[in-house]
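Analysis of the macromolecular model
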Protein chains: 2
Amino acid sequence: MAAWARAVRGLLLDISGVLYDSGGEGGGVPIPGSAEAVRRIKASGLKLRFCTNEAQATREKFVKKLQGLGFDISVDEVTAPAPAACRLLKERGLRPHLLVHDDLVPEFADIDKTNPNCVVIGDAAENFSYANLNEAFRVLIGLEKPVLISLGKGRYYKETDGLKLDVGAYMKALEYACDVQAEVVGKPAKAFFESALAEMGVPPEQAIMIGDDIVSDVGGAQQCGMRGVQVRTGKYRPSDENHPQVKPDAYVNNLAEAVDTILSQM
Amino acid sequence: MAAWARAVRGLLLDISGVLYDSGGEGGGVPIPGSAEAVRRIKASGLKLRFCTNEAQATREKFVKKLQGLGFDISVDEVTAPAPAACRLLKERGLRPHLLVHDDLVPEFADIDKTNPNCVVIGDAAENFSYANLNEAFRVLIGLEKPVLISLGKGRYYKETDGLKLDVGAYMKALEYACDVQAEVVGKPAKAFFESALAEMGVPPEQAIMIGDDIVSDVGGAQQCGMRGVQVRTGKYRPSDENHPQVKPDAYVNNLAEAVDTILSQM
């Protein structure tokens, strides 16, 4: 992370695995130095936006949890997939059958869900029962043209008690069962990163995405013309450094180290 | 189904969707004419073998259910994936973590399951909870070289109360989450058809496979050098007739019609 970091005007931060590890009592544990790192970014004058695929709660509830863990963050700084999905549903007149976490349902409060003509799948965690997945399958297979919208396509994430299957695994199950290709809302979709950049008012070549997911964070950002930096926290695994498709612009041990390096270049 | 049916010496029959539809009280409902069709095959002198991906019960229990539904069938006439998987596990010194239906577990009674070095997945139905799939995922992702063995790769099947997700969907979920390719035991694996043919003592060019699954039954049999006939019962859907890869050698409305036609050619 050298010369190119000097041109940076804005940072996009992933949340889970970068700011904190989710799970357990209190909803998670901050990653050491990350709350201070967020404060330093804000003090530096760099533009900042949180870009998350979090879909286990409304943005309001999620941000409140992060504030409780000591982070300086507000709802209007967060780009998340459920609001993006709602825009898409309205634009296309789609009425979803929802297979999502109970706490995410309020995000879809003003969306018509009668007589569904698509399925929206998010990180439903315990709601990914056989009965619920089968119900979503039956809705899809019963449609003349099945439409499956997925809030992200992550393979897994890390909680305090270990790795957890993410929405991408269940998306693949439904894709295979119904012979359909999901439309992904959230990282690594280009439109999602672009909306985060637009909200920040920074062009991609002046932005850095910092995340723990080699594909969704780093690869997705690079596809968009941004630099992508991988932290060695969260779901990071050493084997990521041999990823056949994606090579990050830099590795850092954690968010604090990333911020140190970037600020020292300015 | 014309001239080529004259050369036939043996029939392979799928069970679910061909002999009966599973589900509900009593475990299922016979498809009209199918019990009589099985008796007519046996009386004709044709060799007969049942070739199933059924993995919700031991062969013993499964055959007992079918006998109760009026079918002339015995355990040693059935080729099923769990015994094939056990042979494979023993040959390769693999110790499975099982994600299967409770009633299938006895098939693995004499297999060492301590300190697992692979995952075996079958049609676990209600056992496909988030917690159980996550546990299988953690075993796999923790292995240096993840080995995933899947009892079939069906997308869905039909029960009396509707379509149900089959093991293939969950296999795809684990494949994606762990970036691994499953080894399929059962249809449409070539080795599986070949073992059924060997047990019957008939070469592929003199055998017909009759099934309701366009890919696993018909396509798999054809890959093996057999003729593949699709019945319009079970999970058959009209859209199967436009399948981009697989074209059956013939369609029949049901097993009874297939047997009528074949016997009339002899």
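As recorded in an unreviewed UniProt entry, chain A goes by the name Phospholysine phosphohistidine inorganic pyrophosphate phosphatase, listed as coming from Coturnix japonica. Per UniProt, chain A has the following entry under Function (unreviewed entry): "Phosphatase that hydrolyzes imidodiphosphate, 3-phosphohistidine and 6-phospholysine. Has broad substrate specificity and can also hydrolyze inorganic diphosphate, but with lower efficiency."

Turning our attention to unusual backbone geometry. Residue and element names in this part refer to chain A. Lysine 187 connects to proline 188 through a cis peptide bond whose omega is 5°. With respect to the helices and strands, the residue proline 188 is situated in the loop between β11 (183–185) and α6 (190–200). With a phi angle near 50°, aspartate 179 is a residue other than glycine that sits in the positive phi range. Within the element layout of this structure, aspartate 179 appears in the loop between α5 (167–178) and β11.

Residues and elements named next belong to chain A. According to the domain assignment, chain A consists of domain 1 (3–80 + 187–265) and domain 2 (81–185). The distance between the C-alpha centroids of domain 1 and domain 2 comes to 24 Å. Tallying the contact residues gives 24 residues for domain 1 and 21 residues for domain 2. Contact with domain 2 buries area across many residues of domain 1, yet Ala55, Gln56 and Lys235 alone supply 30% of it, more than any other trio. The tally of links between domain 1 and domain 2 comes to one salt bridge. Residue aspartate 103 is joined to lysine 61 by a salt bridge in which the shortest nitrogen-to-oxygen separation is 3.2 Å. Our count for the domain 1 to domain 2 interface comes out at 11 residue pairs in polar contact (both at pLDDT 80 or more). Taken together, the elements giving at least two residues each to the side of domain 1 that touches domain 2 come down to β2 (20–22), α2 (59–68) and α6. With three residues, α2 is the largest single contributor of residues to the side of domain 1 that touches domain 2. Residue classes in the side of domain 1 that touches domain 2 are distributed as seven nonpolar, nine polar and eight charged.

Laying chain A over chain B is done by rotating through 180° and shifting 0.0 Å along the axis; what remains is an RMSD of 0.0 Å. Viewed as a symmetry operation, the transformation between the two copies matches a two-fold axis.

Before going further, it helps to examine the packing of aromatic side chains. Applying the stated rule across the entire model yields nine aromatic pairs over all chains. Ring centres of Tyr20(A) and Phe62(A) lie 6.5 Å apart, and the angle between their planes is 55°; on these two criteria the pair is classed as tilted. With Tyr20(A) in strand β2 and Phe62(A) in helix α2, this residue pair connects regions lying 42 residues apart in the sequence. Taking the relative accessible area as the measure of exposure, Phe62(A) reaches 3% and is therefore buried. Note on Phe137(A) and Tyr156(B): the rings are 5.4 Å apart at their centroids and 40° apart in plane angle, and the pair reads as tilted. Of the two residues, Phe137(A) is situated in helix α4 (residues 130–141) and Tyr156(B) in strand β9 (residues 156–159); the pairing between them involves two chains. In this structure Tyr156(B) comes out as buried when scored by relative accessible area, which is 5%. Members of the aromatic cluster, connected to one another through ring pairs, are Phe128(A), Tyr170(A) and Tyr130(B).

With that settled, the discussion passes to the pattern of salt bridges. Side chains that differ in charge, positive against negative, can pair when their charged atoms come close. Applying the stated criterion across every chain yields a total of 33 salt bridges over all chains. Notably, a salt bridge pairs Glu175(B) with Lys172(B), separated by 3.5 Å at the nearest N-O pair. One end of the pair, Glu175(B), and the other, Lys172(B), are both in helix α6 (residues 167–178), three residues apart, so they sit about a helical turn from each other. By relative accessible area, Glu175(B) is classed as buried at 11%. The partly exposed category is assigned to Lys172(B), whose relative accessible area is 27%. Here the salt bridges do not stand alone but share partners, grouping Glu159(A), Asp161(A), Lys164(A) and Arg138(B) into one network.

In this section: empty space enclosed by the protein. A water-sized probe, rolled over the atoms, reveals where empty space remains. All names here are of chain B. All chains considered together, the criterion is met by two cavities of 30 Å³ or more. One number sums up the size of the largest cavity: a volume of about 50 Å³. The wall of the largest cavity is formed by Thr52, Glu54, Ala55, Ala57, Thr58, Arg59, Phe62, Ala80, Ala82, Pro83, Leu104 and Glu107. For the lining of the largest cavity, the secondary-structure elements that each account for two or more residues are α3 (59–68) and α4 (81–92). In the lining of the largest cavity, the residues fall into seven nonpolar, two polar and three charged. Looking at the lining of the largest cavity, you find at least three residues from each of domain 1 (3–76 + 187–265) and domain 2 (81–184).

Below, the discussion takes up the sheet that holds strand β14 (residues 250–252) of chain A. Residues and elements named next belong to chain A. Taken in spatial order, the six strands of this open sheet run β5-β4-β1-β12-β13-β14, and their pairing is parallel. Looking at the sheet topology across the chains shown, the edges are occupied by β5 (78–79) and β14. With two bridges joining them, strand β4 (residues 47–51) and β5 adopt parallel strand pairing. Each bridged residue has a counterpart across the sheet, and for phenylalanine 50 the counterpart in β5 is valine 78. Against the sheet, α6 engages β1 (10–13), β4, β5 and β12 (207–211), with an angle of about 150° to β4.

Turning our eyes to something else, we now look at the pairing of β1(A). On a regular strand, one side chain projects to one face of the sheet and the next to the other, so that they alternate. Residue and element names in this part refer to chain A. Burial along β1 is two-sided: Gly10 and Leu12 facing one way and Leu11 and Leu13 facing the other are all buried. Both β1 and β12 contribute to a ladder of four bridges, which runs parallel. By the bridge assignment, leucine 11 is partnered in β12 with isoleucine 208. Both β1 and β4 contribute to a ladder of four bridges, which runs parallel. Paired with leucine 11 across the strands is leucine 48, a residue of β4.

To continue, consider the interface of chain A and chain B. On the side of chain B, 30 residues touch chain A, which itself brings 30 residues to the contact. If you sort the residues of chain A by the area they bury against chain B, Tyr130(A), Leu165(A) and Tyr176(A) come out on top, with a joint share of 31%. Where chain A meets chain B, there are one salt bridge. Where Arg138(B) meets Asp161(A), a salt bridge forms, and the shortest distance between an N and an O atom there is 4.0 Å. At the boundary of chain A and chain B, one finds 19 residue pairs in polar contact (both at pLDDT 80 or more).

Cut-offs used in this document
Residues numbered from 1 in each chain as written. Chains lettered and ligands numbered in written order. Predicted model: local features only at pLDDT ≥ 70, side-chain atom pairs only at ≥ 80, totals over all residues. Heavy atoms only, no water. UniProt positions renumbered as here; feature names shortened; annotations may be inferred. Helix = DSSP H or I, 4+ residues; strand = E, 2+ residues; numbered from the N terminus. Domains from an automatic or database assignment. Contact = heavy atoms within 4.5 Å. Buried area = accessible area lost by both parts, 1.4 Å probe. Salt bridge = Lys/Arg side-chain N within 4 Å of Asp/Glu carboxyl O. Polar contact = N/O pair within 3.5 Å; in protein donor to acceptor, adjacent residues only side chain to side chain. Nonpolar A, V, L, I, M, F, W, Y, C, P; charged D, E, K, R; others polar. Least-squares fit on C-alpha atoms with pLDDT ≥ 70 in both. Phe/Tyr/Trp six-rings, centres within 6.5 Å; stacked < 30°, edge-to-face > 60°. Buried < 20%, exposed > 50% of the residue type's maximum accessible area, 1.4 Å probe, protein only. 1 Å grid on protein atoms, 1.4 Å probe; cavity = no way out; pocket = protein on both sides within 12 Å on 5 of 7 lines; lining within 4 Å. Points joined across faces, edges and corners; volume = space filled by probe spheres on them. Pairing = 2+ DSSP bridges. Axes fitted to C-alpha atoms, helices over the stretch in contact; angles between N-to-C directions.

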